[in-house]
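# A look at the structure
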Amino acid sequence: MDEGAESLLARVPEAVALADAVGLGDELVAPATTAAAVWTSGRMRPLPTGTVMGVPADLRALGRSGVLSARGLARVPLDRVLPGSAVTGDAAAGDRSVADVVGGRLGAEVVERLVEPLLGGVYAGRADELSFAATLPQLAAAGRDTRSLLAAARVAQARSSGARTGPVFLTVPAGLGRLAIRVAAAADAECLLGRPVRELTRTPDGWRLVIGPTPEPEVLAADAVVLAVPARPAARLLTGVAADAAAELAGIDYASVAVVTLAWPAADFAAPVPGSGFLVPAADGRLVKAATFSSVKWPHLAAADPTLAVVRGSVGRHRDEAVLQRDDVELAGLVAADLRSATGVRGRPVAWRVTRWGGGLPQYAVGHLDRVRRIRAAVERQPGLEICGAAYDGVGVAACIRSANSAAAGIVDFLAKPPPAGG
Ligand SMILES: Cc1cc2nc3c(=O)[nH]c(=O)nc-3n(C[C@H](O)[C@H](O)[C@H](O)COP(=O)(O)OP(=O)(O)OC[C@H]3O[C@@H](n4cnc5c(N)ncnc54)[C@H](O)[C@@H]3O)c2cc1C
């Protein structure tokens with residue numbers, strides 16, 4: 001089973017199109033349920049329906065869920081009367097953090113108990129550092145003409161449900177990594193795998209890459225280059241090529257996380273689990289920040305062994321990496337203990353595995369969109385060079401496929417152009 005990314009956002013058409021193109025389209029499966037819960041103040045409460053990344057569009061559904069305290073709930077409608085400019089702010093005021101915008105309009109509890117836990121699943125980041133415009137772009141777009149965040153959430157939700165047909169998430173039962181393997185196999189060129197690029201330099205005809213391990217370097221000449229690596233290696237490779245882009249890339253921070261996969265005999269769960277999983281607000285002080293009931297969520301996992309219940313616990317938040325310094329046994333034991341408290345599961349897991357993703361998730365900090373504009377402007381000054389991946393325009397496999405398509409189109413355009421005179 002997947003121990004990293006486990007599903008594709010089906011609403012990004014490029015992801016499904018790529019799966020189709022490599023013959024995996026017919027294998028894609030949808031989750032059996034996407035209902036989720038918030039484990040807070042010692043109780044499991046349903047994640048309210050009708051939110052945009054936790055920002056409520058439907059106050060009644062928010063009230064029914066019981067996720068907010070009475071006081072927190074009473075604060076939310078103040079959004080309608082509070083003074084202020086448009087949600088997105090005026091351009092001169094610049095970008096603001098998620099906590100600043102959402103907390104300012106709807107109160108701190110909406111941030112702590114809903115928005116930050118949901119964003120935590122994507123960025124493992126902190127609401128007081130993440131950029132509102134970069135991490136909640138659908139709300140930022142809808143909030144341009146209104147100062148009410150509730151109104152912006154309703155508009156954003158109507159837009160996304162208008163565009164929605166079919167499931168929101170899909171996966172490949174044999175493992176989502178199969179997509180990358182199939183893409184590599186489908187390429188009508190040789191793929192050199194496991195050879196890190198250590199140097200990138202310009203030549204009169206294009207590019208020179210030094211690849212492979214230090215003791216056995218190989219040199220590769222290339223007409224064009226797509227840097228599809230995280231921001232840190234991209235910064236290192238661009239230092240001598242586009243120093244301004246390299247400096248900006250070096251400023252993109254990353255969070256480290258771990259996935260702890262545990263299997264219990266299904267009979268050890270006395271009560272049914274609440275849907276596909278649950279989120280845990282940081283304020284509750286638990287180690288586990290989210291859990292997925294994988295064998296409830298994915299029918300193919302349930303079918304593989306109906307006597308087992310498989311749960312994925314996620315651990316690690318940006319600037320709280322110390323929790324990951326525990327060894328695997330301790331980490332798995334602590335996650336199992338949290339899951340026992342959350343679900344009442346008895347006994348010990350029959351199998352477990354810890355998968356660490358050091359520096360796995362880029363942080364779109366306040367000002368991220370401007371930073372990416374500056375990086376792209378510097379890269380555009382280098383003919384035959386493109387960048388793509390999670391560091392720039394969206395975290396997630398589907399967003400990365402979209403960004404890769406755009407980089408590939410840039411390279412195709414570049415190669416179609418006649419070389420400059422004298423070049
Ligand atoms: C635990 C976890 C769960 C996730 N779950 C989901 C999910 O369910 N759905 C979803 O859509 N997204 C999920 N994500 C996010 C998603 O996996 C990433 O955003 C996405 O894989 C990033 O793709 P990328 O190509 O930008 O970077 P990466 O996948 O990090 O790929 C970059 C590649 O560059 C290589 N590289 C680095 N340096 C060099 C070098 N010098 N030379 C050559 N190669 C180099 C690396 O080895 C790596 O293979 C999850 C992430 C994590 C950590």
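Residues numbered from 1 in each chain as written. Predicted model: local features only at pLDDT ≥ 70, side-chain atom pairs only at ≥ 80, totals over all residues. Heavy atoms only, no water.

## Notes on the overall build of the chain
A tally of regular secondary structure across the chain gives 16 helices and 16 strands. The C-alpha radius of gyration computed for the chain amounts to 23 Å, which stays within 12% of the reference 22 Å derived for 423 residues, consistent with globular compactness. Seen through its C-alpha atoms, the chain measures out along the principal axes to roughly 75 × 55 × 40 Å. A buried classification covers 43% of the 423 residues belonging to the chain. For the chain, restricting intrachain contacts to residue pairs at least 6 apart in sequence, the fraction spanning at least 24 positions comes to 70%. Only carbon and sulfur atoms are counted for the fraction: they give 56% of the accessible area of the chain, which is about 20,200 Å². Side-chain charges of the chain comprise 44 positive and 42 negative groups, with the mean position of each set lying 7 Å from the other. (Helix = DSSP H or I, 4+ residues; strand = E, 2+ residues; numbered from the N terminus. Rg over C-alpha atoms; globule rule 2.2 N^0.38 Å. Buried < 20%, exposed > 50% of the residue type's maximum accessible area, 1.4 Å probe, protein only. Contact = heavy atoms within 4.5 Å. Areas by Shrake-Rupley, 256 points an atom, 1.4 Å probe, with all protein chains shown as cover. Lys, Arg positive; Asp, Glu negative; His and termini not counted. Charge placed at Lys NZ, Arg CZ, Asp CG, Glu CD.)

## Some details on helix α11 (residues 243-250)
Within the sequence span of α11, burial applies to Ala245, Ala246, Glu248 and Leu249. Down the axis of α11, the sector holding all buried residues measures 165°, keeping them to one side. Counted as exposed and oriented over 90 degrees from the buried face of α11: Ala247 and Ala250. (Arc of directions from axis to C-beta.)

## Description of the side chain of Asp268
The topology assignment puts Asp268 in the loop between β11 (254-265) and β12 (277-279). Although buried, Asp268 forms no salt bridge, and the nearest oppositely charged side chain, Arg346, lies 4.6 Å from it. Beyond its immediate chain neighbours, meaning those up to four positions away, Asp268 contacts Gly344, Val345, Arg346, Gly347 and Arg348. (Salt bridge = Lys/Arg side-chain N within 4 Å of Asp/Glu carboxyl O.)

## Observations regarding the domain arrangement of the chain
The assigned domain composition of the chain is domain 1 (35-163), domain 2 (192-252 + 365-416) and domain 3 (254-362). Across the contact, 10 residues belong to domain 1 and six residues belong to domain 2. A combined buried area of about 530 Å² lies between domain 1 and domain 2, and 73% of that area is made up of carbon and sulfur atoms. On the surface where domain 1 and domain 2 come into contact, there are zero salt bridges. Counting residues per element, the ones that place at least two in the side of domain 1 that touches domain 2 are α5 (108-123) and α6 (132-135). Looking at side-chain class alone, the side of domain 1 that touches domain 2 contains five nonpolar, two polar and three charged residues. (Domains from an automatic or database assignment. Buried area = accessible area lost by both parts, 1.4 Å probe. Nonpolar A, V, L, I, M, F, W, Y, C, P; charged D, E, K, R; others polar.)

## A few points about the site of the ligand
As a structural note, the neighbourhood of the ligand is formed by 20 residues, with Glu6, Ser7, Val197, Ala390 and Val397 the closest of them. In this structure, an oxygen atom belonging to the ligand sits 3.2 Å away from a main-chain N or O atom of Gly396. Taking 1,000 Å² as the accessible area of the ligand by itself, protein coverage stands at 63%. Residue assignment for the shell around the ligand shows that the elements contributing at least two residues are β11, β15 (351-362) and α16 (397-416). (Near = heavy atom within 4 Å. Polar contact = N/O pair within 3.5 Å; in protein donor to acceptor, adjacent residues only side chain to side chain.)

## Structural notes on the packing of helix α1 (residues 13-21) against α16
The geometry of α1 relative to α16 is characterised by a closest axis approach of 7 Å and an angle of 80° between their N-to-C directions. Classified by the angle their axes make, α1 and α16 are roughly perpendicular. Seen from α1, the contacting residues are Pro13, Glu14, Ala15 and Leu18; seen from α16, they are Ala398, Ile401, Arg402 and Asn405. Broken down by class, the residue content of the contact of α1 with α16 amounts to five nonpolar, one polar and two charged. (Axes fitted to C-alpha atoms, helices over the stretch in contact; angles between N-to-C directions. Parallel < 35°, antiparallel > 145°, perpendicular 65-115°, else oblique.)

## Focus: the pattern of salt bridges
The final tally for this structure, using the stated rule, is 20 salt bridges. The closest approach of N and O atoms between Asp128 and Arg126, which form a salt bridge, is 3.1 Å. Since its relative accessible area comes to 32%, Arg126 is described here as partly exposed. A salt bridge links Glu129 to Arg319, with the nearest nitrogen and oxygen atoms 2.7 Å apart. Here Glu129, found in the loop between α5 and α6, pairs with Arg319, found in the loop between β14 (308-315) and α14 (328-343); they are 190 residues apart in sequence, far enough to count as distant. By relative accessible area, which is 22% here, Glu129 ends up partly exposed. By sharing partners, the salt bridges in this structure join Arg126, Asp128, Glu129, Arg232, Asp253 and Arg319 into a single network.

## Quick notes on the nonpolar core
Val102, Phe132 and Leu139 are the most contacted members of the largest nonpolar core, which has 38 residues in total. Every element with two or more residues in this core is listed here: α4 (98-106), α5, α6, α7 (137-142), α8 (149-163) and β11. Sorting elements by how many residues they give to this core places α5 first, with six residues. Among the domains, domain 1 (35-163) and domain 3 (254-362) are the pair contributing at least three residues each to this core. Discounting chain neighbours no more than four positions away, the residues touching Phe132 are Val87, Asp95, Arg96, Ser97, Val98, Val101, Val102, Pro137, Leu139, Ala140 and Leu149. With 27 residues, the next largest nonpolar core counts Ala234, Ala235, Leu237 and Tyr392 among its residues. (Core = buried A, V, L, I, M, F, W, Y, C linked by side-chain atoms within 4.5 Å.)

## Some words on the packing of α11 against helix α15 (residues 368-380)
One can describe the packing of α11 onto α15 by two numbers: an axis separation of 8 Å at closest approach and a directional angle of 155°. One element, α11, and the other, α15, form an angle in the roughly antiparallel class. For the pair α11 and α15, the crossing hand works out as left-handed. Every residue of α15 that contacts α11 at Asp244, Ala245, Glu248 and Leu249 is listed here: Arg371, Arg374, Ile375, Ala378 and Val379. (Left-handed = near helix turned anticlockwise from the far one by under 90°.)

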